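Listed here are the chains, written in short residue letters.
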Amino acid sequence: MGQGLWRVARNQQLQQQGYSGQGYLTREHGRRLATSGVSSTSQRKQTQGGIDIYHLLKTRKSKEQEGFINLEMLPPELSFTILSYLNATDLCLASCVWQDLANDELLWQGLCKSTWGHCSIYNKDLPLGFSFRKLYMELDEGSLTFNANPDEGVNYFMSKGILDDSPKEIAKFIFCTRTLNWKKLRIYLDERRDVLDDLVTLHNFRNQFLPNALREFFRHIHAPEERGEYLETLITKFSHRFCACNPDLMRELGLSPDAVYVLCYSLILLSIDLTSPHVKNKMSKREFIRNTRRAAQNISEDFVGHLYDNIYLIGHVAA
C-alpha cells in the first residue's frame, strides 16, 4: 500500500519535470526546442520585413506583465488603430498612461469628424498649433448649449469659427450631426426656414419607395406632434424634393408634387390608424385604396396597395 502511493507520487513528480511514460524529455531540452522554434519564427517574421508581434505578445518578463500589452511596445500604426476604437472619455483616460499616443491629433480629428461630420472649420487652413482635442471639447460644449438653447448654440459655433454664418453651412452641420436634441432642432428649423430649405435639398430620395423615403426624411427632420402649418410645410418640401429626385418614376406613374403630397398625408393617417392602440377598427386595405384614389384619381390601384402593405409590415412613417 505504501509502495503504491510512493510510486504514484513519484510518477507525478517525474511528469512535472518533463518525463513521459515512453521516455523522457528534460525541461532544459524542451526550453531549447521552444527557443529554437521562437527564434525561427522571429527570423521568418523579420525576413518578411515586419516585427514579430506574436513573439512580442508571448514574451513576458514576469507574471505581472501578463495583462494588456504596453501600447508603446507596438508599432505606432497598430497602437493608433487600437486607440481609435475609444471614445473621448476613454481616450482621455488612456492619455494618462500613453501621453504621446493618446494625445495624437489624428485620433482626435477622427473623433471630431465621426461625431460631427461637417464643420466649416474642416475646410479651412488651420493655424499652426491647432488642436483637434480642443476642437472636440468646443464642439461638445456647443452641442450641449444647442440642446439647451438652439440660437445660443449656433452663435457659440460661429464665435469659435467652427461654423460660417450661412444657412447652407448650418444645414450641412445639422444633417451630419446626431448629438443634437430633436425637439430643440424642430423648434430651430421651424424658426429658420432658410436653413430648412437647404436641409431638405441635402436628402437624396432617388429610387426609394415613397414610405421609406418619408421615414428617412422624418428621421432627420422630426415631424411635429400635432397637425399644423409646419407639418404642411414639411410635407410640401418633401413632395417637391421626392419628385425632383425621381423624375422618370413620376412620369411613369403620372404623379405630380400635389399627388405625392396627398399620398404622404394618406400614409401618415394610415400609420396612425394601424399603430395606435386607441383605434379599434383598423382601416382595411380596400378602404385605404378607395379613399386614396378618391383624392388622387390618376394613381394605380396596385401602387396604392403596395403603400398599404409597406405601412402594415414596417410601421409608422413618422415614428
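Bear in mind the structure is a predicted one, so any value in this text is a computation, not a measurement. (Residues numbered from 1 in each chain as written. Predicted model: local features only at pLDDT ≥ 70, side-chain atom pairs only at ≥ 80, totals over all residues. Heavy atoms only, no water.)

1. Quick look at the nonpolar core
Definition in use: For the purposes of this section, nonpolar cores are sets of buried Ala, Val, Leu, Ile, Met, Phe, Trp, Tyr and Cys residues that join through side-chain atoms within 4.5 Å. When a residue's accessible area, from a 1.4 Å probe over protein chains only, is under 20% of the maximum for its type it is buried; when over 50% it is exposed; and in between it is partly exposed. Numbering of helices and strands runs from the N terminus; a helix is a DSSP stretch of H or I covering at least four residues, while a strand is a stretch of E covering at least two.
The biggest cluster of nonpolar side chains holds 74 residues, and the ones touching the most others in it are Leu-139, Phe-173, Ile-174, Leu-189, Leu-210, Ile-221 and Phe-238. At nine residues, the largest contribution of residues to this core is made by helix α16 (residues 257-275).

2. So, the packing of helix α7 (residues 105-115) against helix α8 (residues 132-148)
To keep it simple, the criterion reads: Axes here refer to lines fitted to C-alpha atoms; in helices the fit is confined to the stretch in contact. Angles between the N-to-C directions go from 0 to 180 degrees. When describing relative orientation, an angle under 35 degrees is termed roughly parallel and one over 145 degrees roughly antiparallel, while 65 to 115 degrees is termed roughly perpendicular and anything else oblique. If you view the pair so one helix is near and one far, a crossing is left-handed when the near helix is turned anticlockwise from the far one by less than a right angle, and right-handed when it is turned clockwise. Contacts between residues were defined by any pair of non-hydrogen atoms, one from each residue, lying within 4.5 Å. Residue polarity follows a fixed list, in which Ala, Val, Leu, Ile, Met, Phe, Trp, Tyr, Cys and Pro are nonpolar, Asp, Glu, Lys and Arg are charged, and the others, Gly among them, are polar.
It is at 8 Å that the axes of α7 and α8 come closest, and there the two elements cross at 25 degrees. Between α7 and α8, the interaxial angle falls into the category roughly parallel. Considering only the axes of α7 and α8, their crossing is left-handed. Only Phe-132, Arg-133, Leu-135, Tyr-136, Met-137 and Leu-139 of α8 make contact with α7, whose side of the interface consists of Glu-105, Trp-108, Gln-109, Leu-111, Cys-112 and Thr-115. For the contact of α7 with α8, a count of residues per class yields eight nonpolar, two polar and two charged.

3. Considering the packing of aromatic side chains
To keep it simple, the criterion reads: Any pair of Phe, Tyr and Trp rings, taking the six-membered ring for Trp, is counted once the centres come within 6.5 Å. Such a pair is stacked with planes under 30 degrees apart, edge-to-face with planes over 60 apart, and tilted for the rest. Ring-over charges, as used throughout, are those where CZ of Arg or NZ of Lys falls within 6 Å of the ring centre and within 35 degrees of the ring normal.
Within the structure shown, the criterion is met by 15 aromatic pairs. Look at Tyr-308 and Tyr-312: their rings are 6.3 Å apart centre to centre, the planes differ by 15 degrees, and that puts the pair in the stacked class. Of this pair, Tyr-308 and Tyr-312 both sit in helix α18 (residues 301-314), four residues apart, which is roughly one turn of the helix. Chaining the aromatic ring pairs together yields one cluster made of Phe-205, Phe-217, Phe-218, Phe-238 and Phe-242. Positioned above the aromatic ring of Tyr-122, the side-chain terminus of Lys-113 is 5.2 Å from the ring centre.

4. A look at the side chain of Thr-145
This is how it is decided: Here a polar contact is taken to be a pair of N or O atoms separated by no more than 3.5 Å, where protein atoms must pair a possible hydrogen donor with a possible acceptor and residues adjacent in sequence count only if both atoms sit in side chains.
With respect to the element layout, Thr-145 can be found in helix α8. There is a polar contact of 2.8 Å between the side chain of Thr-145 and the backbone oxygen of Glu-141. Residue contacts for Thr-145: discarding those within four places in its chain leaves Glu-152 and Gly-153.

5. Quick look at helix α14 (residues 229-245)
Put simply, the rule is: Each helix should span, by expectation, one fewer than its residue count multiplied by 1.5 Å.
Helix length check: α14 (17 residues) gives 24 Å between terminal C-alpha atoms against 24 Å at 1.5 Å per residue, within 8%. Within α14, burial applies to Tyr-230, Leu-231, Thr-233, Leu-234, Ile-235, Phe-238, Ser-239, Phe-242, Cys-243 and Cys-245.

6. Notes on helix α12 (residues 193-201)
In plain terms, the rule: Think of the arc as the fan of directions from the helix axis to the C-beta atoms.
Along α12, the positions that sit buried rather than exposed are Val-195, Leu-196, Leu-199 and Val-200. The buried side chains of α12 occupy one side of the element, clustering within an arc of 135 degrees when seen end-on.

7. A word on the pattern of salt bridges
To keep it simple, the criterion reads: Each salt bridge in this description consists of a side-chain nitrogen of Lys or Arg and a carboxyl oxygen of Asp or Glu lying within 4 Å of one another.
Following the criterion strictly, the structure yields eight salt bridges and no others. Among the ionic pairs, Arg-251 bridges to Asp-248, the shortest N-O distance being 2.3 Å. Linking Arg-251 with Asp-248, this pair stays in helix α15 (residues 247-253), spanning three residues, or about one helical turn. For Arg-251, a relative accessible area of 61% gives the class exposed. Overall, the relative accessible area of 45% leaves Asp-248 in the partly exposed class. Between Arg-293 and Glu-301 there is a salt bridge, with its nearest N and O atoms 3.7 Å apart. Arg-293 gets classed as partly exposed once you look at its relative accessible area, which sits at 32%.

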